Amino acid sequence: MPRLLRFLLLLLFGLALMTGVGYVALTRTTHRWFETDLRARSLFVVTATKQILARNWEHGHEGLADTLEDITRDERVMGAAACTLDGQRLASTSVYPLDYGCRWVLARIEQEGAETNPWTTTEALPGGRVHLSAITVAAEGKPIGRVLLVHDLSYLERREATTRNLLLAAFFVLSLGAATITMIAERLAFRVWTSELRRALSGEVTRDFKPLVGDVRALVERLASERDREARGGPWNPARLRSTLTTHLDGERVIILANREPYIHDKTPTGVRVLHPASGLVTALEPVMRACSGVWVAHGSGTADKETADARGHVKVPPGEESYSIRRVWLSEAEENGYYYGFSNEGLWPLCHVAHARPVFRAEDWEHYVRVNRKFADAVCEEVDTEDPIILVQDYHFALAPRMIRERLPRATILTFWHIPWPSAERIGICPWREEIISGLLGSSIVGFHTREHCNNFIDAVDTFMESRIDREANAIVQGARRSLVRPYPISIEWPVHWLEELPSVAECRASVRRELGLPADALLGVGIDRLDYTKGIEERLQAVDELLSRYPEFRGRFTFVQLAAPSRTKIARYRELNDRVEALADEINARWGKGDYRPIILLRSHHEPPTVFRYYRAAELCYVSSLHDGMNLVAKEFVAARDDELGVLVLSQFTGAARDLTEALIVNPYDLGRAGDAMAAALRMPEDEQRERMSSMRRMVSEFNVYRWAGRMLVDAAELRRRERVSGRLSAPAVLARAIGS
Ligand code: ADQ
């Protein structure tokens, strides 16, 4: 109900109540007034005629009757009677109500024991109420009898009715007036309020508005000061991250544990080649490691990895810069099959992604997973040089390692980041080793996810499957004396992207890419860049291109979609099948829409080094990221980073973590092929002004919320946790002191 209507109803109710109470009070008071008045009148009439009455009393009935008739000339006196003291009627007027004779009055007076003069009563007759008074008549100081006067009270009722009508009329007039005034006041107040608001927003503040503006100002100032504090260190970049590490954590290095290494050495016929793997995790973490220095512990998976590393598996990277080390851990084929392909990628990966693939859990894979986690945890412990190192454990391959490391290094700061979604507790419950997985992660100081939703899902899973206390206010899990924080840290990419330094202009990239693909210079180009993984929605993407061409004939022969697809996990049947399905689908669409040299889909199924990937981003009119479920998806952010010309349109699946950050993208449901086709058409038709507006806003977002900030925020939170632990005495003072003096 609108507020004004509610107020009016309340007002009317109040007025009605007041009228009712007023009416009752008024009738009671007037009643009392009339009675007093009548009593006084009766007394006055009798007293005024006292002499005549006394004289006529003795002379009998005739004279008395005349005197009584005189008294009743007043229109309100109905009748009068003269009674002896023992109740005999001496005389009465011609009209006198028989019900109230002398005996009746005498009996009442005796019954009440009242000797007031005049004695009065109000009685109801069939024709209306009457007022009866008995006044004592005396001669020479001695009572000789009583005169009874009967007053008609119907006029009083008439007056009451008139009063009631007047009050009702007053009530209606008042209500109408109040409602009208309220509405006028409300209109005026609204007008004044909006004009004040307008003035306040335009910076011109009036006195009346000051309290509200004051509150808003205080809030804005608070936010600004928080932002300032954040900004005081300048934008997040490698230098700021390094200083955060040294000032907040007294650390000079970090240890990263991740399955994938950032540089893979492969044998080729022409010698050893260094590869940058197609991995979001590596894309994000490698710049962090370059900034922080330390050791990256990973699986040595390259064919030339052993020969390029020292006896303990160390190799200095990046090639030519050598700011940190990789510690390679060697796995047997059986270990890799069980831990990596088996439990991690046939079990946990489909379990955590809602992409309609059934997870497979095998006991022997689990055993490998446990053993390999121990192997890596041991390698990490071998690399540390303090009792309280900073260890960054990465992803679903190492769910058990945090607890294993914690058992050996109780004072370590372990930050674990889960790069893929964490599903609902119900879904996690499918895993036969869910308790072990969760317990392993709870060995961490902080467990990080991309989104708040993933954090909540994790906390729910802890609540469902573990013995622990959940501190919901602090988003922490408490087990005994140890607490693990659960926090969202949306991951990002380095800014600026160093690969762009060497790249030619956008115009040159456009020209060279079109040349390479055999396309005309004015061809419209869409790009997709992914590992060949069923969660990336590559089939749906190609089907959406099919829809685009079928719905918008203007793009047939002009639009080409190039898909760079890095083969991934090809030992797993599902991935091989996907590879075949994508190829067949591309052929089918090309057959449908191809003409002469024109093929709408170009599939480049191989790994491409980052400079090529970025050249393609720069050459395209649009980039379509169609993941069916994705923790973040860094391809979306890379496309934005690549477009320093502020052109190009990002079409982005709503099921990616990136869709929360990059709201100026065209957000689509990748399963809705028609709408996705429409979105691509909208992207291709989008005026340059709108493209610039969207792209510049997304670029601001990615530049500010870059990967240094992601890592920095985690380190700052870890530092805070360490400070608290130090205060609570868990970190030993001697160890802290020893490090402070550099021993
Ligand atoms: P990924 O599943 O690997 O990451 P994503 O974040 O998109 O997915 O990163 C892919 C990376 O591989 C990008 O840097 C991209 O340039 C590169 N790449 C893709 N195809 C390539 C190709 N054909 N050749 C060469 N490079 C290619 C996981 C999670 C994500 C999360 C990241 C980071 O699945 O949800 O965003 O970790 O946390």
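Residues numbered from 1 in each chain as written. Predicted model: local features only at pLDDT ≥ 70, side-chain atom pairs only at ≥ 80, totals over all residues. Heavy atoms only, no water.

*Asks:* I keep staring at the pattern of salt bridges and nothing clicks. Help me out?
*Replies:* Think of it this way: side chains of opposite charge can pair up when their charged atoms draw near. This structure, assessed with the given rule, holds 44 salt bridges. Of the charged contacts, one joins Asp644 and Arg618 as a salt bridge, the two residues approaching to 3.0 Å between their closest N and O atoms. One end of the pair, Asp644, is in the loop between helix H20 (634-642) and strand S22 (649-653); the other, Arg618, is in helix H19 (residues 610-619), and 26 residues separate them in sequence. Among the ionic contacts, a cluster of salt bridges with common partners joins Arg312, Arg327, Glu382 and Glu383. (Salt bridge = Lys/Arg side-chain N within 4 Å of Asp/Glu carboxyl O. Helix = DSSP H or I, 4+ residues; strand = E, 2+ residues; numbered from the N terminus.)

*Asks:* What am I meant to see in the environment of Thr416 here?
*Replies:* Here Thr416 is to be found in strand S13 (residues 413-417). For Thr416, a relative accessible area of 1% translates into the label buried. Residues Thr416 and Ile470, 54 residues apart in the sequence, show an inter-C-alpha distance of 18 Å. The residues touching Thr416, leaving out its near neighbours within four places in the chain, are Val393, Pro402, Leu441, Ser444, Ile446, Val447 and Gly448. (Buried < 20%, exposed > 50% of the residue type's maximum accessible area, 1.4 Å probe, protein only. Contact = heavy atoms within 4.5 Å.)

*Asks:* Would you mind going over the site of the ligand with me for this structure?
*Replies:* Around the ligand sit 28 residues in total, of which Thr283, His419, His608, Asp630 and Glu638 are the nearest. Within the contact set of the ligand, a nitrogen atom lies 3.2 Å away from a backbone nitrogen or oxygen of Ala566. Separating an oxygen atom of the ligand from a backbone N or O atom of Gly631 is a distance of 3.0 Å. Coverage of the ligand by the protein amounts to 96% of the 710 Å² it exposes when considered alone. Of all the secondary structure elements, the ones that give two or more residues to the shell around the ligand are helix H8 (280-292), strand S18 (524-531), strand S19 (559-566), H19 and H20. Two domains each provide a minimum of three residues to the shell around the ligand, namely domain 2 (243-332 + 366-488) and domain 3 (517-705). (Near = heavy atom within 4 Å. Polar contact = N/O pair within 3.5 Å; in protein donor to acceptor, adjacent residues only side chain to side chain. Areas by Shrake-Rupley, 256 points an atom, 1.4 Å probe, with all protein chains shown as cover. Domains from an automatic or database assignment.)

*Asks:* What should I look at first to understand the packing of H8 against helix H24 (residues 707-727) in this one?
*Replies:* When two helices pack together, their arrangement is captured by the angle between the axes and the distance separating the axes. It is at 9 Å that the axes of H8 and H24 come closest, and there the two elements cross at 65°. In this view, H8 runs roughly perpendicular relative to H24, as classed from their interaxial angle. Considering only the axes of H8 and H24, their crossing is right-handed. Across the interface between the two elements, Ala284, Leu285, Pro287, Val288 and Ala291 from H8 touch Val707, Tyr708, Trp710 and Ala711 from H24. (Axes fitted to C-alpha atoms, helices over the stretch in contact; angles between N-to-C directions. Parallel < 35°, antiparallel > 145°, perpendicular 65-115°, else oblique. Left-handed = near helix turned anticlockwise from the far one by under 90°.)

*Asks:* Explanation requested: the domain arrangement of the protein chain in the structure shown.
*Replies:* Often, the extent of an interface is quoted as the loss of accessible area on bringing the components together. Assigned domains within the protein chain: domain 1 (2-158), domain 2 (243-332 + 366-488) and domain 3 (517-705). Here the C-alpha centre of domain 3 lies 104 Å away from the C-alpha centre of domain 1.

*Asks:* I tried to follow the nonpolar core on my own but got confused; where do I start?
*Replies:* With 98 residues, the main nonpolar core has Ile405, Trp422, Ile437, Ile438 and Phe458 as its most contacted residues. Inspection of this core shows a minimum of three residues originating in each of domain 2 (243-332 + 366-488) and domain 3 (517-705). When sequence neighbours within four positions are dropped, the list of residues in contact with Ile437 reads Phe343, Leu348, Trp366, Tyr369, Ala399, Leu400, Trp422 and Cys431. Counting 80 residues, the second largest nonpolar core, distinct from the first, contains Ala258, Cys292, Val527 and Ala718. (Core = buried A, V, L, I, M, F, W, Y, C linked by side-chain atoms within 4.5 Å.)

*Asks:* Can you help me understand the state of the cysteines in this one?
*Replies:* Joining two cysteines, a disulfide is a covalent bond between their sulfur atoms. Inspection of every chain in the model, using the stated rule, returns 1 disulfide. Across the disulfide from Cys83 sits Cys102; the S-S distance is 2.0 Å. Handedness here is read from the sign of the S-S torsion; for Cys83 and Cys102, about -75°, the answer is left-handed. Here Cys102 lies in helix H4 (residues 102-112) and Cys83 lies in strand S1 (residues 77-84), a separation of 19 residues in the sequence. Sulfur of Cys431: no disulfide; nearest cysteine sulfur belongs to Cys352 and is 8.9 Å away. (Disulfide = S-S within 2.5 Å.)

*Asks:* Hey, could you run me through unusual backbone geometry in this one?
*Replies:* Trans is the common state for peptide bonds, and a negative phi is the common state for residues other than glycine. The omega torsion of the bond from Val317 to Pro318 falls at -15°, within 30 degrees of zero and hence cis. Looking at the secondary structure, you find Pro318 in the loop between strand S10 (314-317) and strand S11 (324-329). A cis amide bond, omega -5°, links Trp495 with the succeeding residue Pro496. For Pro496, the position within the fold is in the loop between strand S17 (482-488) and helix H16 (506-517). One non-glycine residue with positive phi stands out, namely Ser293, at about 60°. Mapped onto the fold, Ser293 is located in the loop between H8 and strand S9 (294-299). Of the residues examined, Ser293 reaches a relative accessible area of 24% and is grouped as partly exposed. Of note, the phi angle at Glu646 is positive, near 60°, even though the residue is not glycine. Inspection of the secondary structure puts Glu646 in the loop between H20 and S22. Under the relative-accessibility criterion, Glu646 is labelled partly exposed at 27%.

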